[in-house]
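# Structural features, examined
This is what each chain is made of:
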Amino acid sequence: MESLLDFTQPTDIGLLEEVNQVLGNTADQNAIGRAERILIDFKDHPEAYKQIDAILQKSSCPSTLFFALQVLEKAILERWNTFPEEEQLGIRNFLIGVLVSWCQDSEMMKMNRLALTKLNSTIIAIAKREWPARWPNFVEEVCTSCEYGAGMLENNLRLLGNLGEEVFVFGEKTMTSRWIDRKKEALAEDLGRVFDLCRHGFGFEDQNIQIAALNTFEKFVAWVPLSEVFEAQMFDFLVNWALPNNDLRFAALGCLIEVVSVKIPPSTAQRETYYSYLREMFETAVHTVVDALPTNSNAIEDRLCACFEQGTADDERVIDSFCQLVCTFLKNHVLLIRQKPQLVEAAHRIVLGCSLIDNKEMFRTCVEYWWHIGDSLVRNATNFTKP
């Protein structure tokens, strides 16, 4: 095993595969400990990343491919700016070539699913350092390369979703404010391409592609023009196609939570049209999800509890997201449904039902809403008169 640490010679890929397989195929703790030490020392060696191209080209072992990408990602995260520019470009182009190769083969995509996820995160690690200054057409390349097939489309939607998450969700923790602003400005020019790609994904029958498109759309909603968010075709897919579909419902709810979180300035010319979309969306969402609940009781709150307690893990995720959607809508847009008292009552019964479920995160969401409505009532007490 120790010969793997001799970087004056090409890496013995067969031996590296054997060492990786020891971790999952033996109960010998001594062998496992030895293999772990070898792999840690390999990963920490400053010359290890130079062996990765050969490993990715010649190995067919998923765990070895994943390990190789871990080694390369570690080098990128720690020493990317010390690499010569020619070497940086070579690594970048090589990884894009591997990505295209893997995504053109559906069987390889399935077999190397974890390694493909790691490949995406490695490319994002490079993009965070190179885009937009030294890789200005990164997003454009990702969008246009989807012509290579459905596998490439699915993966690149996930890649863009990861990019949106890194910039908009985790950016404040991992990048300076100047970098974040620069990337947001660059991304603003490509948002049209990203949304066109999402629409393209919605049109496929493959639900993996549809879910990837929904997840990507969710990451970018808060940063796109309102005209894109409230586009009729997009809303029709979310509300009338994805939401009623059991397999797409969770991803659709994630998008709708972001949509109802969007602030619509009073000066917006199309404000009433957008409000109409929100009203229709919320009413349809409530009816769709409530109709899918168990029919053990007439009370919505009892049906919610039964679904969460007796359902699957997917049911729990859907109820949690549904709770977030209802609470967010009521906080931001309750006045839009003031003319529909039955809908207002149903929405509050949903919050009540979710409050009774034994789940800390959901309970916190509900408590925050109850506090919000209580605070509003106290602050506006002078606007109420006794009957």
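Residues numbered from 1 in each chain as written. Predicted model: local features only at pLDDT ≥ 70, side-chain atom pairs only at ≥ 80, totals over all residues. Heavy atoms only, no water.

Turning our attention to the overall build of the protein. From N to C terminus, the protein includes 21 helices and zero strands. Each of the three principal axes of the protein carries a C-alpha extent, and together these read 90 × 50 × 40 Å. Within the protein, the fraction of its 387 residues that count as buried is 47%. Here the analysis covers contacts within the protein between residues at least 6 apart in sequence; of these, 66% occur between residues at least 24 apart. Total accessible area on the protein stands at roughly 19,900 Å², and carbon and sulfur atoms take up 50% of it. Where the 37 positive side-chain charges of the protein centre and where its 55 negative ones centre are 6 Å apart. (Helix = DSSP H or I, 4+ residues; strand = E, 2+ residues; numbered from the N terminus. Buried < 20%, exposed > 50% of the residue type's maximum accessible area, 1.4 Å probe, protein only. Contact = heavy atoms within 4.5 Å. Areas by Shrake-Rupley, 256 points an atom, 1.4 Å probe, with all protein chains shown as cover. Lys, Arg positive; Asp, Glu negative; His and termini not counted. Charge placed at Lys NZ, Arg CZ, Asp CG, Glu CD.)

Right, let's talk about the layout of surface pockets for a bit. One number sums up the size of the largest pocket: a volume of about 350 Å³. Considering the residues around the largest pocket, the lining is formed by 18 residues, among which Asn 246, Arg 249, Asp 314, Asp 315 and Val 318 are closest to the centre. Where the lining of the largest pocket is concerned, the elements lending two or more residues are helix H13 (207–220), helix H16 (249–261) and helix H19 (313–333). Looking at the lining of the largest pocket element by element, the count peaks at five residues for H19. Counted by class, the lining of the largest pocket contains 10 nonpolar, three polar and five charged residues. (1 Å grid on protein atoms, 1.4 Å probe; cavity = no way out; pocket = protein on both sides within 12 Å on 5 of 7 lines; lining within 4 Å. Points joined across faces, edges and corners; volume = space filled by probe spheres on them. Nonpolar A, V, L, I, M, F, W, Y, C, P; charged D, E, K, R; others polar.)

This brings us to unusual backbone geometry. The omega angle of the peptide bond from Trp 131 to Pro 132 is 5 degrees, so this bond is cis rather than trans. Checked against the element boundaries, Pro 132 lands in the loop between helix H7 (113–130) and helix H8 (138–144).

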